[in-house]
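Read off the chains here:
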Amino acid sequence: MSKSASGPTHLGIIMDGNGRWAKRRSLPRTAGHVEGLKALKRVIIEAKEQGIEVVTFYTFSTENWKRSEQEVSYLMHLIVSKLHGELAFYNRHGIRIRARGDLSALPQPVQEAIAKTEAATQSNSAITAVIAINYGGRDEICRAVGKALAASGKQSVTEEEISQHLDLPDLPPVDMIVRSADEQRLSNFLLWESAYAELAFYEKLWPEWGREEIQAICQEYRLRVRKFGGVE
Ligand code: FPP
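Residues numbered from 1 in each chain as written. Predicted model: local features only at pLDDT ≥ 70, side-chain atom pairs only at ≥ 80, totals over all residues. Heavy atoms only, no water.

(A) Examining the site of the ligand more closely. As a structural note, the neighbourhood of the ligand is formed by 16 residues, with Met15, Gly19, Arg20, Arg29 and Arg67 the closest of them. Interatomic distance of 2.9 Å between a side-chain N/O atom of Arg29 and an oxygen atom of the ligand. In the model, an oxygen atom of the ligand is placed 2.8 Å from a nitrogen or oxygen of the Arg67 side chain. Expressed as a share of its isolated accessible area of 640 Å², the protein-covered part of the ligand is 92%. Of all the secondary structure elements, the ones that give two or more residues to the shell around the ligand are α1 (18–24), α2 (29–49) and α3 (69–85). Considering every element that reaches the shell around the ligand, the biggest residue donor is α2, with 5 residues. Broken down by class, the residue content of the shell around the ligand amounts to 4 nonpolar, 7 polar and 5 charged. (Near = heavy atom within 4 Å. Polar contact = N/O pair within 3.5 Å; in protein donor to acceptor, adjacent residues only side chain to side chain. Areas by Shrake-Rupley, 256 points an atom, 1.4 Å probe, with all protein chains shown as cover. Helix = DSSP H or I, 4+ residues; strand = E, 2+ residues; numbered from the N terminus. Nonpolar A, V, L, I, M, F, W, Y, C, P; charged D, E, K, R; others polar.)

Now the structure itself:
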């Protein structure tokens, strides 16, 4: 097994530091989320340039409901407005939008915006942007185990059966998970798939991310030797 010749096929991103970015500028936290969206657009463009096929963005976790009602409602409105409002951007750049998480518990307008955007971008093939929303790794595993047991009619399930019942089983497994804002933990993101994912953590706050960070991530990935439990 040798170093990867290319960048990751599937990159997972924990976007962190929107609130701190805003606080440092004496702005409301919501301003950090607006700026975070601009970073998301810069990042997806460069990810496409680098040949990355899938980027999963941790947009709203199953734990984020603990935030103030005002912030939660702002984020939900922002997501709906950007799913609808950025459709031309997604189509111009060949970006397919998909969602992962327990979508059934989201407000109706969010569910509708997701369904419409997924349908409107389903033939785009340059890159897939996955929005992990009301997403929790433990929740996804519980739901997958339930579905796998129901599908098999048995009392136990195999790893393969669980993998087949994750939210988007057709996607390639995540190769690398990165996080901004100098925090070094997974926070319930892609727990099943992180078993063999490469990890990297970066100091810059999410709203400050752009093309350079994606270039650095691809460079870092190429230095990693992936063994999957085997030997070199
Ligand atoms: C983390 O920063 C950021 C979030 C929980 C929200 C990220 C969401 C977006 C950028 C909007 C995405 C929209 C679409 C359409 C995909 P934080 O608030 O935890 O920052 P802090 O740790 O500094 O407080």
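(B) Geometry of the nonpolar core. Counting 41 residues, the largest nonpolar core has Ile13, Ile44, Phe57, Ile133, Val178, Trp209 and Ile214 as the members making the most contacts within it. Sort the elements by how many residues they give to this core and α3 lands first, with 6 residues. Within the second largest apolar cluster, 9 residues are counted, among which are Tyr58, Ile177, Phe189 and Ala197. (Core = buried A, V, L, I, M, F, W, Y, C linked by side-chain atoms within 4.5 Å. Buried < 20%, exposed > 50% of the residue type's maximum accessible area, 1.4 Å probe, protein only.)

(C) Representation of the environment of Val72. For Val72, the location among the structural elements is in helix α3. Assessed through its relative accessible area of 9%, Val72 is described here as buried. Remark: the alpha-carbon pair of Val72 and Asp170, spanning 98 residues in sequence, is separated by 30 Å.

(D) Examining the sheet that holds strand β4 (residues 127–135) more closely. Read across the sheet, 6 strands follow the order β3-β4-β2-β1-β5-β6 without closing on themselves; strand pairing throughout is parallel. The open sheet has two free edges, formed respectively by β3 (95–100) and β6 (198–201), since each of these has just one partner strand. On average, each strand axis in the sheet is tilted by 20° relative to the strand beside it, whichever way the strands run. Direction of pairing for strand β5 (residues 176–179) relative to β6: parallel, over a ladder of 4 bridges. What sits directly across from Ile177, in β6, is Leu199. Docked against the sheet, α2 engages β1 (10–14), β2 (54–61), β3 and β4, running at close to 160° with respect to β2. Together, β1, β5 and β6 form the strand contacts of helix α8 (residues 211–223), whose direction differs from that of β5 by roughly 140°. (Pairing = 2+ DSSP bridges. Axes fitted to C-alpha atoms, helices over the stretch in contact; angles between N-to-C directions. Contact = heavy atoms within 4.5 Å.)

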